[in-house]
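# Chains, contacts and geometry: an overview
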Amino acid sequence: MNVNIACLEGDGIGPEIMASAIEVLNTIAEIFYHQFTFSHNLFGGHAIDETGTALPNETLQNCLAADAVLLAAVGGPKWDHGVERPESGLLRLRKELNLFANIRPVDVYDELINYSPLKSDRVKDVSFVVVRELTGGIYFSEPRFHTENEATDTLSYSREEIERIVEYAFSLAKTRKGKLTSVDKANVLESSKLWRKIVNEMNKKHPEVEVEHVLVDAAAMEIIRNPRRFDVIVTENLFGDILSDEASMITGSLGMLPSASRSGNGPSLYEPIHGSAPDIAGLNKANPIAMLKSVSMMLRDFNLHEESKSIESAIVKTFNNGYLTSDLGGDTTTTEFTKHVNSYIEAFAVGGVNR
Ligand code: NAD
Ligand code: IPM
Ligand code: MN
C-alpha cells in the first residue's frame, strides 16, 4: 500500500518521538511491503522562528494533500510571550482540516498496572475512550479578547456541532460495550443544557446504547474512584482536554496516550495527547509509546491491522523485557526503546506474517 504522510515534528521532544515513529514506520514498510512517503513540514515554534507563522501555508497545503497527518507536539517557553503562539497553529490546523472528533483511548496494560499512581485493583482492565469535540466550544467561539483590565472567552455550540460529535460517540459505543457517558456542566452552563438535551434526543435513535449524564466535576472524581465504569465518554472541547490528561495517569504516564482526530472526509491527524515536554527535551528521555500508538491507530484506519498489531505487541514485549523510559521509573532512552520495538516487530514478522 502507498501512503503519503505529512509529518509535523514540532518542538521540544517532538523531533525525538517523530524520529521514533518514522523508524518504526520504515520497519513496517520493509516487512509488510508498503510504501510510506513522508513529507517533513515546518510547524509550531520552529515555524514561527523561520517564517513568522506557526502554520505556514505550505505546511497546510501538504497536510490537506496527504493521506494522513502525523504530529508530535508543539510549544515551549521560548514562544510563550510572542505575538503568535505555536498552539495557535495547532488550533488552526484542526479547524482547517475540520477535525471535529478527537478520539483518545485509555487502555491499561496488565503488565504495567503497578506503574500507575493508583492502586492496581482500580486500574486493572480499564478500557475506555474519550471522544472529545475538537473544533468548537470555548477554544474557538467569539468574542474572545483581552485588554489590560478585562478578558473574555465565549463558550458556544451549535446543534449541528453537538449532533455530529454525539453521533460519532453513539456509533463508537455500539462497537464496544454499548455504554455512553456524556460529560457536561448542565447545572450551570447553557451550552451544556443544549448538549444534554441533544444527547437524550439522539438516544431515541440509538436505544441499544445505555446513556448516563455525569457532571464534569463528578466525572473528574469518578475517573480516579472507579475508572472501569466507563466505556465511551463524550464531551466538549475543554472538558475533554482536561479529563484525558487526568485519565492518562491511570495508565502510569502522560507519555502513554495516543489520539486520532477525524473529520469523516479528508486526512485524519494522529498525535499523542501530551505536549512538547520542554523539561526533558533533547535528553533522549521521552516515552515514545503515545506516539507509536498514534501510528498504530493510523495504520488501523488504513485497514493495516496486522501492521498495527505488530507495533502494539512489540511495545508490550519491550516493557515486559524491562525496558521502561524514565517517566515510568526506568532508564531506557527513547532511541533504545525504539530499537527494541523495531527488533520485536522484525521478530513478529519472522514468526507469523503472510508475505
Ligand atoms: P506536557 O504534556 O508537555 O508535559 C507535562 C509533563 O509530562 C512534563 O513533566 C513532561 O516531561 C511529561 N511528559 C509529557 N510527555 C511525555 C513523554 N512522552 N515522555 C515522558 N514524559 C512526558 O505539558 P506542559 O508541560 O503543560 O506543556 C508544554 C508545552 O506543550 C506547552 O507549550 C503546551 O502548550 C504544549 N502542548 C502541546 C500539545 C500538542 O502539541 N498537541 C499538547 C499539550 C501541550
Ligand atoms: C492537546 C493540547 C492542545 C489543546 C493545546 C496545545 C492547544 O493540550 O492537544 O491536548 O488544548 O487541545
Ligand atoms: Mn491537552
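Residues numbered from 1 in each chain as written. Chains lettered and ligands numbered in written order. Predicted model: local features only at pLDDT ≥ 70, side-chain atom pairs only at ≥ 80, totals over all residues.

Turning our eyes to something else, we now look at helix α11 (residues 305-320). Between its terminal C-alpha atoms α11 stretches 22 Å, which fits the 22 Å expected from 16 residues at 1.5 Å a residue. Within the sequence span of α11, burial applies to E307, S308, S310, I311, A314, I315, T318 and F319. Within α11, the buried residues cover an arc of 155 degrees as seen down the axis, which keeps them to one side. Opposite the buried face of α11, by more than 90 degrees, sit the exposed residues H305 and N320. One or two positions beyond α11, positive phi appears at G322, with a value near 90 degrees. (Helix = DSSP H or I, 4+ residues; strand = E, 2+ residues; numbered from the N terminus. Expected span 1.5 Å × (residues − 1). Buried ≥ 20, exposed ≤ 12 C-beta atoms within 10 Å, placed from the backbone. Arc of directions from axis to C-beta.)

For the chain, the assigned domains are domain 1 (1-99 + 266-355) and domain 2 (100-262). The C-alpha centroid of domain 2 is placed 23 Å from the C-alpha centroid of domain 1. With 27 residues of domain 1 at the interface, the matching set in domain 2 holds 25 residues. Those elements that provide at least two residues to the side of domain 1 that touches domain 2 are α4 (86-96), β12 (268-270), α10 (289-301) and α11. It is α10 that provides the largest number of residues to the side of domain 1 that touches domain 2, a total of six residues. (Domains from an automatic or database assignment. Contact = placed C-beta atoms within 7 Å.)

Further remarks concern the site of ligand 1. Close contacts around ligand 1 come from 20 residues, with G75, G255, H274, G275 and N287 the closest. Of the residues assigned to the shell around ligand 1, the class counts are nine nonpolar, seven polar and four charged. (Near = placed C-beta within 6 Å. Nonpolar A, V, L, I, M, F, W, Y, C, P; charged D, E, K, R; others polar.)

Following the UniProt record, the feature "site: Important for catalysis" (unreviewed entry) maps to Y139 and K185 here. Inspection of the secondary structure assignment puts Y139 in the loop between β5 (127-133) and β6 (145-146). Setting aside chain neighbours within four positions, we find Y139 in contact with L91, N237 and L238. K185 gets classed as partly exposed once you count the C-beta atoms within 10 Å, which come to 19. Not counting chain neighbours up to four residues away, the residues in contact with K185 comprise S192, L215 and V216. (UniProt positions renumbered as here; feature names shortened; annotations may be inferred.)

Turning to the packing of helix α1 (residues 14-32) against α10, a few remarks are in order. Interaxial distance between α1 and α10 falls to 9 Å at its minimum, and their mutual angle equals 40 degrees. The orientation of α1 relative to α10 falls into the category oblique. Between α1 and α10 the crossing geometry is right-handed. Contacts between α1 and α10 pair I17, S20, A21, V24 and L25 from the former with M291, L292 and V295 from the latter. Taken together, the residues that form the contact of α1 with α10 break down as seven nonpolar, one polar and no charged. (Axes fitted to C-alpha atoms, helices over the stretch in contact; angles between N-to-C directions. Parallel < 35°, antiparallel > 145°, perpendicular 65-115°, else oblique. Left-handed = near helix turned anticlockwise from the far one by under 90°.)

Once that is clear, we can look at α10. The end-to-end C-alpha distance of α10, which contains 13 residues, comes to 18 Å, matching closely the 18 Å that a straight helix rising 1.5 Å per residue would cover. Counting buried residues along α10, 11 of its 13 residues qualify, which places the element largely inside the surrounding structure. When we look at burial in α10, the residues that qualify are I289, A290, M291, L292, K293, S294, V295, S296, M297, M298 and L299.

All right, on to the pairing of strand β3 (residues 68-73) then. Within β3, six of the six residues are buried, which leaves the element mostly enclosed by the surrounding structure. Inspection of the sheet shows strand β1 (residues 2-10) paired to β3 by five bridges, in the parallel sense. Across the sheet, L8 pairs through a bridge with L71, a residue of β3. Relative to β12, β3 runs parallel, the two sharing three bridges. Paired with A68 across the bridge in β12 is S268. (Pairing = 2+ DSSP bridges.)

So, on to the site of ligand 2. Around ligand 2 lies a shell formed by G75, E87, L90, L91, D241, I273 and G275. By residue number, the principal contributor to the shell around ligand 2 is α4, which donates three residues. Broken down by class, the residue content of the shell around ligand 2 amounts to three nonpolar, two polar and two charged.

With that out of the way, let us pick up the packing of α10 against α11. The geometry of α10 relative to α11 is characterised by a closest axis approach of 7 Å and an angle of 160 degrees between their N-to-C directions. Classified by the angle their axes make, α10 and α11 are roughly antiparallel. The two elements α10 and α11 meet at a crossing, and its hand is left-handed. For the pair formed by α10 and α11, the contact residues are I289, L292, V295, S296, L299 and R300 on the first element and H305, E307, S308, I311, E312 and I315 on the second. In terms of residue class, the contact of α10 with α11 is made up of six nonpolar, three polar and three charged.

Moving on, we get to the nonpolar core. By size, the foremost hydrophobic cluster in this structure holds 97 residues, and its most contacted members are L70, V131 and V295. For this core, the leading source of residues is α10, giving eight residues. In terms of domain composition, this core takes at least three residues from each of domain 1 (1-99 + 266-355) and domain 2 (100-262). The contact partners of L70, leaving out residues within four places of it in the chain, are I5, C7, A21, Y270, V295 and M298. (Core = buried A, V, L, I, M, F, W, Y, C linked by C-beta atoms within 7 Å.)

Structurally, F100 can be placed in the loop between α4 and β4 (101-107). Judged by the 21 C-beta atoms lying within 10 Å of it, F100 falls in the buried class. Excluding its chain neighbours within four sequence positions, the residues that come into contact with F100 are E133, L134, T135, R164, I165 and S263.

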